Protein chains: 2
Amino acid sequence: MIDIIIELITAKQYAKLKGILSDIEPIDIAALFDDLPKRYMPLLYRLLPKETAAEVFVELDADTQEMLITGFSDSELKEVLDELYLDDAVDIIEEMPANVVKRIIRHSDPEVRHSINEILNYPKDSAGSIMTIEFIDLKEDMTVQDAFTKIRRTGVDKETIYTCYVTDRNRILKGIVSVKDLLLSAEDCVISDIMEKNPIFVYTLDDKEDVAKALSKYDFLALPVVDNEKRLVGIVTVDDAIDVIQEEATEDIEKMAAMTPSEKPYLKTGVWDTFKQRIPWLLVLMISATFTGKIIAHFEDALGKFVVLTTFIPMLMDTGGNSGSQASVTIIRGLSLEEIHFRDILRILWKEARVALICGVVLACANFVKLMIIDRVTLTIALVVCTTLVGTVFFAKIVGSSLPLFAKKIGFDPAVMASPLITTIVDAMSLMIYFNIASAVLHI
Amino acid sequence: MIDIIIELITAKQYAKLKGILSDIEPIDIAALFDDLPKRYMPLLYRLLPKETAAEVFVELDADTQEMLITGFSDSELKEVLDELYLDDAVDIIEEMPANVVKRIIRHSDPEVRHSINEILNYPKDSAGSIMTIEFIDLKEDMTVQDAFTKIRRTGVDKETIYTCYVTDRNRILKGIVSVKDLLLSAEDCVISDIMEKNPIFVYTLDDKEDVAKALSKYDFLALPVVDNEKRLVGIVTVDDAIDVIQEEATEDIEKMAAMTPSEKPYLKTGVWDTFKQRIPWLLVLMISATFTGKIIAHFEDALGKFVVLTTFIPMLMDTGGNSGSQASVTIIRGLSLEEIHFRDILRILWKEARVALICGVVLACANFVKLMIIDRVTLTIALVVCTTLVGTVFFAKIVGSSLPLFAKKIGFDPAVMASPLITTIVDAMSLMIYFNIASAVLHI
């Protein structure tokens, strides 16, 4: 595809190129820019129809956007800005260097400039920061016909027209009405009779994750955002909610793997930033693993007498770690999807205890056979290792499942309590169990 | 809330209760059922307005649905079934025991019965299995006015009316047109002039994950599903896509934590099923940890001479494991979000190599200080441990980042290649590095 486009550009067959571009979705055109040599970009961009151009622009990566903006004449810049939805404009501005931001702000209408500044002022993870202020607002005394007239007059610039918001003269949110309801009602119906009167809404400062969850829970296409006086200030649309859901899942996964969450996709993150994301937990966990070393040092004499005990340390530690992270990761994800709450703790512990016992016994049996047939250790050693296995799996599952619940309860992020931290705790615990059983049984 | 409802039920204040219920979203009413004693459920359900009742029914858990269905009279059952969207009906049927399914099928219209059977026949993870067959279809020669007439006539039963699908007489998909386009066009415009002619579509057998990704990528509200002859058979709506996205993230997280993915929420899964989810990888990883034991056994003599070396094994193994899973989890998530592809492998390795070196050196320095000041080991031992650390972190990151890429390349699931498996490989590698350096430096 990209070859054809470069060929057409070099052959100056612009009309044919325009024809091809008109059949491609904006986001796919944006993907083409990734593979296009820089020198062709401005030309290809100028060949796009005006409406498509803005949609493509939003999807380009920040470097390409900056390059294009720098090359734009003032009137070209203004044209692009006029076509952008406000929330997209804000997203772009957040990525641009100061001089480009100044130029963008200078070429925006005073009203748009004011709104951009307002959205930029909302905290990073708030509903306000992801909302759009372009929505259809209706009044309670309008008829269905009035509503359609308003939609036809103003709808072209709105991100969604399918949910309309009914406000009073003080901009207080009174209700919502869908275009479906409007279409299925008689033309002379009054809005206040068909609107839903107790709409679900969120506040500007609510966490964007909660907003996304609400949108997904209620299967809405958009959710109204109000300020502290319940005045309607914007809406969050479902496409933005999907992005938030994906981001949050990525953040949880990163935290579970002992990283601080990243802001950008992997390939756009520099070496230094990736390093900073990864080093804190590596350091913490390295230092905390010292305790495990101390436990081994404490039992140095026993290990000297039965060196064979050393060879099972990695297997016991790994199995404990894996058992623990299975439980913790399940609970963390359940908490994050709100399928699990702290009040379920007894049910969870009771379930985990039973699962742990079955897992532990099965693993111990399998291991016993292997120890006797392959490793050919003494019966006593085999019993020590297998008993330890049952104990380790049991405690690993109990710690792994309860720690995230307590973290959540006291207001910590459960995901941070996940695998690696639990591994460290479980490592220490499994060694304690191991050496204590060994000491007791082997009389050392 | 639930207390008020129980109070009103026992006081038989049904009118007041109806009033309260009418102000609550269906999914929140469904949540009330979770806390309601079983004996009140049928009564509360019968108090719901007909349209709300179906929406609430869909959101109830399978046990409650079964109980209600069993208690329904035949005409009540038919009423509920008539109000359900087909894809919801199929979801419910999939959860019910055979006798309930038979009763449901017996009380459905022949046409509906046929469609239910058809959807039930699509493979579990296909687009066909999550699509709905209720959509608005238009013809190319209709005018905008005709379209609105059709929407008004048939729209009430459709899951979404906002995207309409244009088909020819053979039901082949020709284009799509949004209600927004219809509203913003003159009444006598012909559909073929305003429709989008090359709509994005998916096939019935496409993976539902790809369908969800396409919906999220293009910011669509629904995506048409066609059969092999490009005949339109259904649509997938954005709310179902969000569910798929959440499920897929959960599955990836479960695989990364060495579990086989679950079908149901944690608290609904039995002990036995949870056990079956967790035991396979625990067994595999326990057995594979034997190699690590073998390596230690091989260097038993060296460890006998320098027992202090044993105390650093857990720290080295854990740090290696954590470094490896940081890299692997990042790459797996990137692959799953399609931000990373196999062709990026050289960029990724080059980046990981640099990140690994910086991380390794920083960790080694911190550890060196700790070894000399707190542990007070000899300079030689400290150097052995710190050099091993750099080597381990380096190889862990390289293995952690490349393994998922190769897995994807040869068609394996990258998530399965994650943390635990990589931990086992990295454990063995770090011990090899450790003992080889120790042998060389300490002349053992």
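Residues numbered from 1 in each chain as written. Chains lettered and ligands numbered in written order. Predicted model: local features only at pLDDT ≥ 70, side-chain atom pairs only at ≥ 80, totals over all residues. Heavy atoms only, no water.

Engineer: Describe the overall build of chain A, with residues and values.
Structural biologist: Along chain A, the regular secondary structure elements total 23 helices and six strands. Principal-axis analysis of the C-alpha atoms gives chain A an extent of 90 × 60 × 35 Å. Looking at chain A as a whole, 57% of its 444 residues are labelled buried. Within chain A, contacts between residues at least 6 apart in sequence are counted, and of these 67% link residues at least 24 apart. Side chains of chain A carry 45 positive and 67 negative charges; the gap between the two charge centres is 3 Å. (Helix = DSSP H or I, 4+ residues; strand = E, 2+ residues; numbered from the N terminus. Buried < 20%, exposed > 50% of the residue type's maximum accessible area, 1.4 Å probe, protein only. Contact = heavy atoms within 4.5 Å. Lys, Arg positive; Asp, Glu negative; His and termini not counted. Charge placed at Lys NZ, Arg CZ, Asp CG, Glu CD.)

Engineer: Now, about the interface of chain A and chain B: what can you tell me, with residues and values included?
Structural biologist: In this assembly, 106 residues from chain A lie in contact with 106 residues from chain B. Across the chain A/chain B interface, buried area totals approximately 9,900 Å², and carbon plus sulfur atoms make up 68% of it. For the pair chain A and chain B, the interface holds six salt bridges. Taken together, the links from chain A to chain B amount to 35 residue pairs in polar contact (both at pLDDT 80 or more). (Buried area = accessible area lost by both parts, 1.4 Å probe. Salt bridge = Lys/Arg side-chain N within 4 Å of Asp/Glu carboxyl O. Polar contact = N/O pair within 3.5 Å; in protein donor to acceptor, adjacent residues only side chain to side chain.)

Engineer: A description of the relation of the copies chain A and chain B should follow, citing residues and the corresponding values.
Structural biologist: Put simply, the two copies of the chain differ by a rotation about an axis and a shift along that axis. In the superposition of chain A on chain B (RMSD 0.1 Å, axial shift 0.0 Å), the rotation amounts to 180 degrees. Expressed as a symmetry operation, the mapping of one chain copy onto the other fits a two-fold axis. Comparing interface residues between copies, 100% of those in chain A also sit at the interface in chain B, which points to an isologous, same-surface contact. (Least-squares fit on C-alpha atoms with pLDDT ≥ 70 in both.)

Engineer: If you had to explain the sheet that holds strand E1 (residues 137-138) of chain B to someone new, which residues and values would you point to?
Structural biologist: Residues and elements named next belong to chain B. Strand order in the open sheet made by the three strands is E1-E2-E3, with mixed pairing throughout. Every other strand in the sheet has two partners, leaving E1 and strand E3 (173-178) as the edge strands with one partner each. Pairing analysis gives five bridges linking strand E2 (residues 163-167) to E3, with the strands arranged antiparallel. Following the sheet pairing, Tyr165 is matched in E3 by Ile176. (Pairing = 2+ DSSP bridges.)

Engineer: Give a description of the sheet that holds strand E6 (residues 232-237) of chain B that names residues and reports values.
Structural biologist: All names here are of chain B. Here three strands make up an open sheet; going across it, the order is E4-E5-E6 and the pairing mixed. Each edge of the open sheet is held by one strand with a lone partner, namely strand E4 (202-203) and E6. In the sheet, E4 pairs with strand E5 (residues 222-226) via two bridges, with the strands oriented parallel. By the bridge assignment, Val202 is partnered in E5 with Val225. Strands E4, E5 and E6 of the sheet are contacted by helix H15 (residues 208-218), whose axis makes an angle of about 140 degrees with E5. (Axes fitted to C-alpha atoms, helices over the stretch in contact; angles between N-to-C directions.)

Engineer: So, the nonpolar core: which residues are in play, and what are the values?
Structural biologist: Ranked by size, the top nonpolar core spans 76 residues in total, and within it Tyr434 and Phe435 of chain A together with Tyr434 and Phe435 of chain B carry the most contacts. Setting aside residues no more than four positions away along its own chain, Tyr434 of chain A makes contact with Leu309, Phe312, Ile313, Leu316, Val384, Val385 and Thr388 of chain A. (Core = buried A, V, L, I, M, F, W, Y, C linked by side-chain atoms within 4.5 Å.)

Engineer: Mind laying out a negative patch on the surface, listing which residues take part and the relevant values?
Structural biologist: Taken together, Glu51, Glu55, Glu59, Glu79, Glu83, Asp157 and Asp243 of chain A together with Asp219 of chain B make up a surface patch of like negative charges. Here the element with the most residues in the negative patch is helix H5 (residues 50-59) of chain A; it accounts for three residues. Structurally, the position occupied by Asp243 of chain A is in helix H16 (residues 238-256). According to the relative accessible area criterion, Asp243 of chain A is partly exposed, its value standing at 36%. (Patch = residues over 30% accessible without salt bridge, like charges linked within 9 Å, V, L, I, M, F, W, Y side chains within 5 Å. Areas by Shrake-Rupley, 256 points an atom, 1.4 Å probe, with all protein chains shown as cover.)

Engineer: So, the side chain of Ser430 of chain A: which residues are in play, and what are the values?
Structural biologist: Residues and elements named next belong to chain A. Turning to its location among the elements, Ser430 is positioned in helix H23 (residues 419-442). Accessibility expressed as a relative area gives 2% for Ser430, which makes it buried. Apart from the residues lying within four places of it in its own chain, the contact partners of Ser430 are Leu316, Met317, Thr388 and Thr392.

Engineer: I'd like a description of the packing of aromatic side chains, backed by residues and values.
Structural biologist: Counting across every chain of the model gives 23 aromatic pairs over all chains. A ring pair is formed by Phe299 of chain B and Phe435 of chain B, whose centres lie 4.7 Å apart and whose planes are at 20 degrees; its orientation type is stacked. With Phe299 of chain B in the loop between helix H17 (271-298) and helix H18 (300-305) and Phe435 of chain B in helix H22 (residues 419-442), the pair connects residues that are 136 residues apart, well separated along the chain. By relative accessible area, Phe435 of chain B is classed as buried at 2%. Seen in terms of ring centroids, Phe342 of chain B and Phe406 of chain B are 5.6 Å apart; in terms of plane orientation they differ by 65 degrees. Their pairing is edge-to-face. Taken together, the residues Phe342 of chain B in the loop between helix H19 (313-336) and helix H20 (345-375) and Phe406 of chain B in helix H21 (residues 379-409) connect sequence positions 64 residues apart. We classify Phe342 of chain B as partly exposed; its relative accessible area is 24%. For Phe406 of chain B, a relative accessible area of 42% gives the class partly exposed. An aromatic cluster is defined as three or more aromatic residues linked by ring pairs; in this entry it consists of Tyr45, Phe57 and Phe72 of chain A. (Phe/Tyr/Trp six-rings, centres within 6.5 Å; stacked < 30°, edge-to-face > 60°.)

Engineer: Any chance you could break down the side chain of Asp252 of chain A for me, citing the residues and the numbers?
Structural biologist: All names here are of chain A. Mapped onto the secondary structure, Asp252 falls in helix H16. Among buried charged residues, Asp252 stands out as having no salt bridge; its nearest opposite-charge side chain is Lys255, 4.2 Å away. A distance of 3.3 Å separates a polar atom in the side chain of Asp252 from a polar atom in the side chain of Ser336. Non-local contacts of Asp252, meaning those with residues more than four positions away in its chain, are made with Ser336 and Ala415.

Engineer: So what's going on with the environment of Asp318 of chain A? Which residues, and what values?
Structural biologist: On the secondary structure map, Asp318 of chain A appears in helix H20 (residues 313-336). Here Asp318 of chain A is in contact with Ala289, Met317, Thr423 and Asp427 of chain B, once residues within four sequence places are set aside.

Engineer: Can you tell me about empty space enclosed by the protein, naming the residues and giving the values?
Structural biologist: Following the criterion strictly, the structure yields four cavities of 30 Å³ or more and no others. Space inside the second largest cavity adds up to approximately 100 Å³. (1 Å grid on protein atoms, 1.4 Å probe; cavity = no way out; pocket = protein on both sides within 12 Å on 5 of 7 lines; lining within 4 Å. Points joined across faces, edges and corners; volume = space filled by probe spheres on them.)

Engineer: Can you explain the pattern of salt bridges? Please cite residues and give values.
Structural biologist: All names here are of chain B. Under the defined criterion, the tally for this structure stands at 34 salt bridges over all chains. Linking Arg103 and Asp74 is a salt bridge whose minimum nitrogen-to-oxygen distance equals 3.1 Å. Here Arg103 is found in helix H9 (residues 98-106), whereas its partner Asp74 is found in helix H7 (residues 74-83), with 29 residues between them in sequence. With a relative accessible area of 16%, Arg103 lands in the buried category.

Engineer: Run through helix H22 (residues 379-409) of chain A, naming residues and quoting values.
Structural biologist: An α-helical turn contains 3.6 residues, so any two residues separated by three or four positions project in the same direction. Given a rise of 1.5 Å per residue, 31 residues ought to cover 45 Å, and the 45 Å separating the end C-alpha atoms of H22 of chain A matches this to within 8%. Among the residues trailing H22 of chain A, Gly411 of chain A stands out with phi positive, at a value near 90 degrees. (Expected span 1.5 Å × (residues − 1).)

Engineer: Explain a nonpolar patch on the surface residue by residue, including any values.
Structural biologist: Residues and elements named next belong to chain A. Judged by side-chain polarity, Val369, Met372, Ile373, Ile374, Leu379 and Leu383 come together as a nonpolar surface patch covering roughly 550 Å² of accessible area. Going through the elements one at a time, helix H21 (345-375) and H22 are the ones with two or more residues in the nonpolar patch. When residues of the nonpolar patch are assigned to their parent elements, the largest contribution, four residues, is made by H21. Along the polypeptide, Ile373 turns up in helix H21.

Engineer: Describe in detail the environment of Lys208 of chain A, supporting the description with residues and values.
Structural biologist: Residue and element names in this part refer to chain A. In this fold, Lys208 is placed in helix H15 (residues 208-218). Measuring from C-alpha to C-alpha, the distance between Lys208 and Leu357 comes to 40 Å, with 149 residues separating the pair along the chain. In this structure, Lys208 is in contact with Lys124, Asp125, Ser126, Ala127, Ile130, Val244, Glu247 and Glu248, ignoring residues within four places of it in sequence.

Engineer: I'd like to hear about the packing of H20 of chain A against H19 of chain B, residue by residue, with values.
Structural biologist: Running from N to C, H20 of chain A and H19 of chain B point in directions that differ by 45 degrees, and their axes come no closer than 11 Å. As judged from the angle between their axes, H20 of chain A and H19 of chain B are oblique. Considering only the axes of H20 of chain A and H19 of chain B, their crossing is right-handed. In this structure, H20 of chain A uses Pro314, Met317 and Asp318 of chain A to contact H19 of chain B, whose residues at the interface are Pro314, Met317 and Asp318 of chain B. Counted by class, the contact of H20 of chain A with H19 of chain B contains four nonpolar, no polar and two charged residues. (Parallel < 35°, antiparallel > 145°, perpendicular 65-115°, else oblique. Left-handed = near helix turned anticlockwise from the far one by under 90°. Nonpolar A, V, L, I, M, F, W, Y, C, P; charged D, E, K, R; others polar.)

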